[in-house]
Amino acid sequence: MVDVTEEEMDNCIFKSDTVLSDVHLHCPNKRHLMVRLNAVGQPVFLSYFKILWNTEDLPSEKHVREAVTEREHQYRSGDELCDQDRNNLKKRELNSEGVEALLDDDGDLDVVRRPQRASDLEAEDLLRDKVYPVILMKGKDDAFEDEEQECACSDVVKIEHTMATPLEDVGKQVWRAAFLLADYILFKRDTFRCCSVLELGGGTGITSIIMGTVAKRVYCTDVGEDLLAMCEQNVALNKHLMELGRGEVKVKELDWLKDEFCTDPEAPYSWSEEEIADLHDHCTVIMAADVFYDDDLTDALFRMLYRITRNLRHSCTVYLALEKRLNFTLRHMDVTCEAYSHFRNTLNDLENLQDRKMKYTVEPIKLDFCQFLVYERIEQL
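All of these numbers come straight from a predicted model, not from anything done at the bench. (Residues numbered from 1 in each chain as written. Predicted model: local features only at pLDDT ≥ 70, side-chain atom pairs only at ≥ 80, totals over all residues. Heavy atoms only, no water.)

S.K.: I'd like a description of the overall build of the chain, backed by residues and values.
M.R.: For the chain, the count of helices and strands is 13 helices and 16 strands. Taking all 381 residues of the chain together, 43% fall into the buried category. Partitioning the intrachain contacts of the chain with sequence separation of at least 6 by distance along the chain shows that 71% fall at a separation of at least 24. On the chain, roughly 22,300 Å² of surface is accessible, and the fraction owed to carbon and sulfur atoms is 47%. (Helix = DSSP H or I, 4+ residues; strand = E, 2+ residues; numbered from the N terminus. Buried < 20%, exposed > 50% of the residue type's maximum accessible area, 1.4 Å probe, protein only. Contact = heavy atoms within 4.5 Å. Areas by Shrake-Rupley, 256 points an atom, 1.4 Å probe, with all protein chains shown as cover.)

S.K.: Pulling in residues and values, what's your account of the pairing of strand β10 (residues 196-199)?
M.R.: Burial of β10 is two-sided: the residues S196 and L198 facing one way and the residues V197 and E199 facing the other way are all buried. Judged from the 4 bridges that link them, β10 and strand β11 (residues 217-222) form a sheet pairing that is parallel. Paired with L198 across the two strands is Y219, which belongs to β11. Following the chain from β10 across helix α8 (residues 206-212) to the adjacent parallel β11, one finds a crossover that is right-handed. (Pairing = 2+ DSSP bridges. Right-handed = clockwise from strand over helix to strand, strands pointing away.)

S.K.: Describe the packing of helix α12 (residues 295-309) against helix α13 (residues 338-351), naming the residues involved and giving the relevant values.
M.R.: Each pair of packed helices gets described by two things: the angle between the helix axes and the distance between those axes. The N-to-C vectors of α12 and α13 enclose an angle of 25°; their axes lie 10 Å apart at closest approach. When the axes of α12 and α13 are compared, the pair comes out roughly parallel. Both α12 and α13 take part in a crossing whose hand is right-handed. On α13, the residues touching D295, T298, D299, F302 and L305 of α12 are E338, A339, H342, F343, T346, L347 and L350. (Axes fitted to C-alpha atoms, helices over the stretch in contact; angles between N-to-C directions. Parallel < 35°, antiparallel > 145°, perpendicular 65-115°, else oblique. Left-handed = near helix turned anticlockwise from the far one by under 90°.)

S.K.: Go over the sheet that holds β10 with me, naming the residues and quoting the values.
M.R.: Pairing is parallel across the open sheet formed by 5 strands, whose spatial order is β12-β11-β10-β13-β14. Since the sheet does not close on itself, it has two edges, and those belong to β12 (248-253) and β14 (317-321), each with one partner. On average, each strand axis in the sheet is inclined to that of its neighbour by 20°, with strand direction left out of account. For β11 and β12, the ladder comprises 6 bridges, and the chain directions are parallel. Looking across to β12, one finds that V218 is bridged to V249. Where helix α6 (residues 176-187) meets the sheet, it contacts β13 (283-289) and β14, and its direction lies at approximately 145° from that of β13. Lying over the sheet, helix α9 (residues 225-237) contacts β11 and β12, oriented at roughly 175° with respect to β12.

S.K.: Just give me the short version of unusual backbone geometry, but keep the residues and values in it.
M.R.: Backbone geometry at C194 places phi at a positive 70°, although glycine is not the residue there. Position of C194 among the secondary structure elements: in the loop between α7 (189-192) and β10. Residue classification places C194 among the exposed positions, given a relative accessible area of 59%. For Y269, which is not a glycine, the phi torsion comes out positive at approximately 65°. Here Y269 shows up in the loop between β12 and α11 (273-282).

S.K.: Account for the environment of T162, with residues named and values stated.
M.R.: Here T162 shows up in the loop between β8 (156-161) and β9 (164-165). In this structure the C-alpha to C-alpha distance between T162 and S21, which are 141 residues apart in sequence, comes to 9.5 Å.

S.K.: Quick one: what's the story with α9, residue by residue and with numbers?
M.R.: With 13 residues, α9 extends 18 Å between its outermost C-alpha atoms, agreeing within 8% with the 18 Å of an ideal straight helix rising 1.5 Å per residue. Looking at α9, one finds that the buried residues are D226, L227, L228, M230, C231, N234 and V235. Next to the buried residues of α9 lie β3 (43-50), β8, α8, β11, α10 (239-244) and β12. (Expected span 1.5 Å × (residues − 1).)

S.K.: Break down the packing of aromatic side chains for me, with residues and values.
M.R.: Applying the stated criterion across every chain, the model contains 13 aromatic pairs. Taking the centre distance of 5.6 Å and the plane angle of 45° together, the rings of Y184 and Y319 count as tilted. A residue pair is termed long-range when its members are at least 10 positions apart, and Y184 in helix α6 and Y319 in strand β14 qualify at 135 residues. One exposure class covers both Y184 and Y319, and it is buried. Plain terms: the ring middles of F292 and F302 are 6.1 Å apart, the flat faces sit at 35° to each other, and that makes the pair tilted. (Phe/Tyr/Trp six-rings, centres within 6.5 Å; stacked < 30°, edge-to-face > 60°.)

S.K.: Outline the side chain of S208, supporting the account with residue identities and numerical values.
M.R.: Within the secondary structure, S208 sits in helix α8. Classification of S208 by relative accessible area gives buried; the value is 1%. Residue contacts for S208: discarding those within four places in its chain leaves E199, V218, C220, V249 and M287.

S.K.: Please set out the confidence of the model for the chain residue by residue, giving values where relevant.
M.R.: Summarising the model, the chain shows a mean pLDDT of 77, and 65% of its residues fall at 70 or more. Segment residues 64-101: pLDDT under 50, and 62 contacts once partners within four positions in sequence are set aside and those in other chains are kept. This model gives residues 129-146 a pLDDT under 50, and the stretch forms 49 contacts once residues within four places in sequence are excluded. (pLDDT = per-residue confidence, 0-100.)

S.K.: Report on the pattern of salt bridges, specifying residues and quantitative values.
M.R.: Under the criterion given, the structure shown has 16 salt bridges. Notably, a salt bridge pairs D281 with R313, separated by 3.7 Å at the nearest N-O pair. One end of the pair, D281, is in helix α11; the other, R313, is in the loop between α12 and β14, with 32 residues separating them in the sequence. Note on R313: relative accessible area 61%, which makes it exposed. The network of salt bridges with common partners includes R176, D290, E323, R325 and E376. (Salt bridge = Lys/Arg side-chain N within 4 Å of Asp/Glu carboxyl O.)

Structural data, given as structure tokens:
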């Protein structure tokens, strides 16, 4: 037995070495082979994300509800057990949930679980992510030639990423809010057409790549040479998508903890003076997805946001997408959204900022727009 004081409880820290994106938890019927190891020894995967340009291909909210209702009805109906279970029945009871309860020879209770029907599987598929990692092995490219040709079309985004990382490398994974923001971009294509855009914390670059299909120029920024190299590779993999709209994506370093742009010509992914001037003269859209998970980084992002927007020639719209993540904390002895709460408080501070030159207004966007990428749009987004 160990005695722990209240003060010690407050100082307890639980750390997890690995962070896993929910996007990659549901990967059925596909091989898991590896493309390569990155500079820090992490396995890198290549995933194909299909864009559903035809919204008729998407399951409607009504369709999802009907599928779920049908599944619940089947589980409650209590009929049509499989033949093998029927043959083994000796004594039957029907419990309150409608699932047959069996008694064995000793009188112990056994519950027979009904096998899933096709309709059950369809309903489950509608409600969960569908992500198919396809990983190519060196020297085995020919085995995947057909799959490569299939995915070289205009409705597939190819993204290299990792599936599990330490917290400091989460930008190398694909996160759900990036899909949400990409959906909005595709839904509002005319709004972003020919714009100059800056993405903060671009990570693997999937949102910037989608934006690059409609915008004139996108500066996709993050920090860390290994991450930026992965992002640049993804931009190259999807160059054909952006060429259709004559868009351009430039991968650049932007460290929120520093006051200035990196302009060292010897440093990779640095900014030229012309690029900084172009950003200040033409940028009208700034975006960020799933970057609000650490309070210090949130503060740094809003400081960077203020520094950039006050130097822009034109008014600017900032799009922020995030997932509210629930965590149990010892301090509150309850499940809370501390990172989200800090984000909202900081956003309120920005809106209430007393600045004679700048004025910020905040408006929520309803999530009733079409879904163009296949993922689970949960209520915490």
